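What follows is the residue order along each chain.
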Amino acid sequence: MREIRYREALREALMEEMERDGTVFLMGEEVGHYEGAYKVSQGLLAQFGEQRVIDTPIAEAGFAGIGVGAAMTGLRPIIEFMTWNFSFVAFDQIISNAAKIHQMSGGKLTCPMVFRGPNGAAKQVAAQHSHSVDPFYTNIPGLYVVMPATPRDAKGLLKTSIRNDDPVVFLEGETLYNLKGEVPEEDEDELIPLGVARVAREGDGCTVVAWGRPFHNAMEAAEILAKDGIELEVVDPRTLRPLDTDAIVRSVKKTNRCVVVHEHWPYGGPGAEIVDVVQREAFDYLDAPVERVAAWDVPMPYASNLEELVLPTTERVLEAVRAVSYR
Amino acid sequence: MASGRDELLRQYRQMQTIRRFEEEAARGYAQAKIGGFLHLYIGQEAIAVGVNDALEEQDYVFQTYRDHGTAIARGMEPKHAMAELFGKDAGCARGLGGSMHFFDVERNFLGGWAIIGGHIAVAAGAAFKSKYTGDGRVTVCFFGEGSTNIGGFHEGLSLAGLWKLPIVFICENNQYAMGTPMKRTSAISDLTLKAQGYGMVGERFDGHDVQLVRDRVKPAIDRARRGEGPTFIEINTYRFRGHSLSAPAKYRTRQELEERKRLDPCAVTRQQLKDAGMSEDELVKVDAEVDELIDEAVAFADAAEPAKEELVFSTVYATRQHGTPTLRATGYPDGRETGHASDAAKQENA
């Protein structure tokens, strides 16, 4: 299989879906002439023109709302947030409008749209630019929340999200855009279903549930622990809402141990939700309390040595696995 | 001119329908048949009807939570409106929306939105779609003067002006943002000045004469349809009831209210009909017909089936879902289905 970067995989998904369906358009800050703050939309303006690749003023609430109205009336908008940190000024559009319109209208209107952009900490961008927003949006019925960790998942899940008839919050990894990985050939049109987890590595020693950037810490930890004779089973939910709890529970019943790894803060969120499901549905199978590896419960500091302390690391995954394995 | 009088009579009938609907809604609220908030349109009827008369059927209309009058003017049947207020399945949003979230997709009445300023960019999005597809529709977005101070208003107008979207923004200035008069919320009294900054034509006039409203709004609609961009219109009006029925109107004087009631739009139109030669007897007959229509709406809503439990889950998502609903983890008391597709899928697989 060929290898491409995460950003290229996303770009291919956008290109293919825009070619396939004329109602799909991309709107956001710097998506057109500048070709994207992270170059995801490079080449799109040249191919599709200003009618479908639309630069906006700095007005997230405004263009997110435009997306909702366009989706309600028959288009399939893709709204790019330069980063998800800036989605907070559009919170009302996502939560009060996009997530509610189908229900409020008695099921008569739909809102087929994608909000997408980079999520999570980058490198030393400090308190206001380092949010992992997954806990905020997974709390909202009416939204899908997708968070791909690999180029293949990025492409296949984005294509499915664009075709989905409900609003999707699509959380890309800000530090993953350069990541290379295997992706099927362009003509394969792979659609990865929303709400289906992927078992990225099989093992019987301990289940590690991880998504986004820390998924790669989990995979690295699995390599290291294999040398110690501990075989990790790494499960990437990929979609955080709806959550494929069956896949997680199935794995825990096999390994009898579970560590949940995520970049979002430890208070609540999908991390806590997964622990709740595991204790409820696999209580009798657990040989140890479920552990979590999360960002520290603080605003992100600027200095690199401090940032390294706050974010989940491979070392902390190793510690957690050893703790639940009593080794 | 007979045809002109017929037109005015139809307008009066619609306005009176809205008026009587709201009065019966107030009664239903007092009788606890209606819950939540109830924001009445009484005093503003000429705007809903006049604006609608300037629109085509294909055009989109967005309104705030004070939405009953606009929906009825658009053609929603009072019985489906009343059934919504009563929380019934026959309601225009099947009992899921309530007073603040009326929808009538067939008549292009696209809500009923209850966060101040939150629907303005959404309406601009509907207009964006019209520009994108070239479907020739115009969108009208109503809001109150209180909305002109919040960010959603400014971002919505900013983008609509920038992209010359086919939309007309109609500010129903009923003088009070809940209980606060405009002089205490806005640095300027001419609200069209706010739209000037977004490159938009501004208009302002009084809203008690239904045909004047229609005639003053029509050029803006035409301009939008010709692709010449949006217009901001401030219409001076007054609500005769409180902000909502749970908010008593102690912030204004009885004298002010009585003065404004001299320009009661229903009474003004009724007088215009008399001036055009209709007799009091004929008008009483019209009023009685409207009363009957509203009585029927109440009877219909009373007798209608309650909102359906299965809609609680099935309307959250339009798509079938894979994965397991989060709710299962939080416990679901009697083992009912959640309505999520995973349940349906399990049943299919069984």
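Residues numbered from 1 in each chain as written. Chains lettered and ligands numbered in written order. Predicted model: local features only at pLDDT ≥ 70, side-chain atom pairs only at ≥ 80, totals over all residues. Heavy atoms only, no water.

1. Some points on the pairing of strand β7 (residues 168–173) of chain A
All names here are of chain A. Across the six residues of β7, six count as buried, placing the element largely inside the fold. Side-chain alternation along β7 places V168, F170 and E172 on one buried face and V169, L171 and G173 on a second face that is also buried. Pairing geometry for strand β5 (residues 114–119) and β7, over six bridges, is parallel. Within β7, the position partnered with G117 by the bridge is L171. The pairing of strand β6 (residues 144–146) with β7 spans three bridges and is parallel. Bridging across to β7, Y144 finds its partner in V168. Considered for its hand, the β-α-β crossover made up of β6, helix α7 (residues 151–163) and β7 is right-handed. (Buried < 20%, exposed > 50% of the residue type's maximum accessible area, 1.4 Å probe, protein only. Helix = DSSP H or I, 4+ residues; strand = E, 2+ residues; numbered from the N terminus. Pairing = 2+ DSSP bridges. Right-handed = clockwise from strand over helix to strand, strands pointing away.)

2. Re the nonpolar core
In terms of nonpolar packing, the biggest core is built from 81 residues, with F115(A), F62(B), F128(B), F169(B) and F232(B) touching the most fellow members. Among the elements that take part in this core, helix α5 (residues 120–133) of chain B stands out by supplying eight residues, more than any other. (Core = buried A, V, L, I, M, F, W, Y, C linked by side-chain atoms within 4.5 Å.)

3. Observations regarding the interface of chain A and chain B
The interface of chain A with chain B comprises 61 residues on the first partner and 45 residues on the second. Each partner contributes to the roughly 4,100 Å² buried at the junction of chain A and chain B, and carbon and sulfur atoms together form 63% of this total. Per-residue buried area on chain A facing chain B is highest for I66(A), T73(A) and M104(A); these three make up 15% of the total on that side. For the pair chain A and chain B, the interface holds zero salt bridges. For the side of chain A that touches chain B, the element with the highest residue contribution is helix α3 (residues 60–72) of chain A, accounting for ten residues. Grouping the constituent residues of the side of chain A that touches chain B by class yields 26 nonpolar, 21 polar and 14 charged. (Contact = heavy atoms within 4.5 Å. Buried area = accessible area lost by both parts, 1.4 Å probe. Salt bridge = Lys/Arg side-chain N within 4 Å of Asp/Glu carboxyl O. Nonpolar A, V, L, I, M, F, W, Y, C, P; charged D, E, K, R; others polar.)

4. A look at the packing of aromatic side chains
Summed over the entire model, instances satisfying the criterion amount to 24 aromatic pairs over all chains. A centroid spacing of 6.3 Å and a plane angle of 75 degrees characterise the contact between F88(A) and F91(A), whose relative ring orientation is edge-to-face. Ring pairing ties together the aromatic residues F63(A), F81(A), W84(A), F88(A), F91(A), F115(A), F136(A) and Y137(A), which thus form one cluster. Between the NZ or CZ atom of K79(B) and the centre of the ring of F300(B), over which it lies, the distance is 5.0 Å. (Phe/Tyr/Trp six-rings, centres within 6.5 Å; stacked < 30°, edge-to-face > 60°. Lys NZ or Arg CZ within 6 Å of the ring centre and 35° of its normal.)

5. A short note on the sheet that holds strand β3 (residues 139–144) of chain B
What links the strands of a sheet is backbone hydrogen bonding, and the strands pair in either a parallel or an antiparallel sense. Residues and elements named next belong to chain B. The strand order β2-β1-β3-β4-β8-β7 describes an open sheet built from six strands, whose pairing is parallel. The sheet terminates laterally at β2 (109–112) and β7 (201–206), the two strands that pair on one side only. Pairs of neighbouring strands in the sheet enclose a mean axial angle of 15 degrees, with direction left out of account. Packed onto the sheet, helix α8 (residues 210–225) meets β3, β4 (167–173), β7 and β8 (231–236) and runs at close to 170 degrees relative to β7. (Axes fitted to C-alpha atoms, helices over the stretch in contact; angles between N-to-C directions.)

6. Observations concerning the confidence of the model for chain B
When pLDDT is averaged across chain B, the result is 91; 90% of the residues are at 70 or more. Per-residue pLDDT stays below 50 along residues 326–350 of chain B; that stretch engages in 36 contacts with residues further than four places along the chain or on separate chains. (pLDDT = per-residue confidence, 0-100.)

7. Some points on the environment of Q63(B)
Residue and element names in this part refer to chain B. Along the chain, the position of Q63 falls in strand β1 (residues 60–63). On the basis of relative accessible area, Q63 is assigned to the buried category, the value being 1%. Separated by 100 residues in the primary sequence, Q63 and W163 have C-alpha atoms spaced 22 Å apart. With near-sequence residues (within four places) excluded, Q63 lies in contact with Y41, T70, F109, G111, G112, W113, H119, F142, F143 and E172. A polar contact of 3.0 Å, which involves the side chain of Q63, links it to the side chain of E172. (Polar contact = N/O pair within 3.5 Å; in protein donor to acceptor, adjacent residues only side chain to side chain.)

8. A few points about unusual backbone geometry
Apart from glycine, the bulk of residues carry a negative phi angle, and the bulk of peptide bonds sit in the trans form. The omega torsion across R241(A) and P242(A) is -5 degrees, close enough to zero to call that bond cis. Relative to the helices and strands, P242(A) resides in the loop between β12 (239–241) and α9 (245–255). For A32(B), which is not glycine, the phi dihedral falls at a positive 65 degrees. With respect to the helices and strands, A32(B) occurs in the loop between α1 (2–30) and α2 (45–53). We note that R94(B) has phi near 60 degrees; this positive angle belongs to a residue other than glycine. Inspection of the secondary structure puts R94(B) in the loop between α4 (78–85) and β2.

9. Thoughts on the state of the cysteines
Chemically, a disulfide is nothing more than a covalent bond linking the sulfur atoms of two cysteines. Tallied over the full model, the rule gives zero disulfides over all chains. The thiol of C258(A) is not disulfide-bonded; the next cysteine sulfur, from C206(A), is found 6.7 Å away. Exposure remark for C258(A): the relative accessible area of 0% places this residue in the buried category. Residue C92(B) stays outside any disulfide, its sulfur separated by 18 Å from that of C141(B), the closest cysteine. Since its relative accessible area comes to 5%, C92(B) is described here as buried. (Disulfide = S-S within 2.5 Å.)

10. Comments concerning the domain arrangement of chain A
All names here are of chain A. Each assigned domain of chain A is listed here: domain 1 (3–188) and domain 2 (198–324). Inter-centroid distance (C-alpha atoms) of domain 1 to domain 2 is 26 Å. With 31 residues of domain 1 at the contact, the number on the domain 2 side is 26 residues. Across the domain 1 to domain 2 interface the summed buried area is about 2,200 Å²; carbon plus sulfur atoms make up 58%. In this structure, the connection of domain 1 to domain 2 is made through two salt bridges. The partner of R238 in a salt bridge is D153, with the nearest N and O atoms 2.8 Å apart. Counting across the domain 1 and domain 2 interface gives 13 residue pairs in polar contact (both at pLDDT 80 or more). Looking at the side of domain 1 that touches domain 2, the elements with two or more residues in it are α6 (134–138), β6 and α7. (Domains from an automatic or database assignment.)

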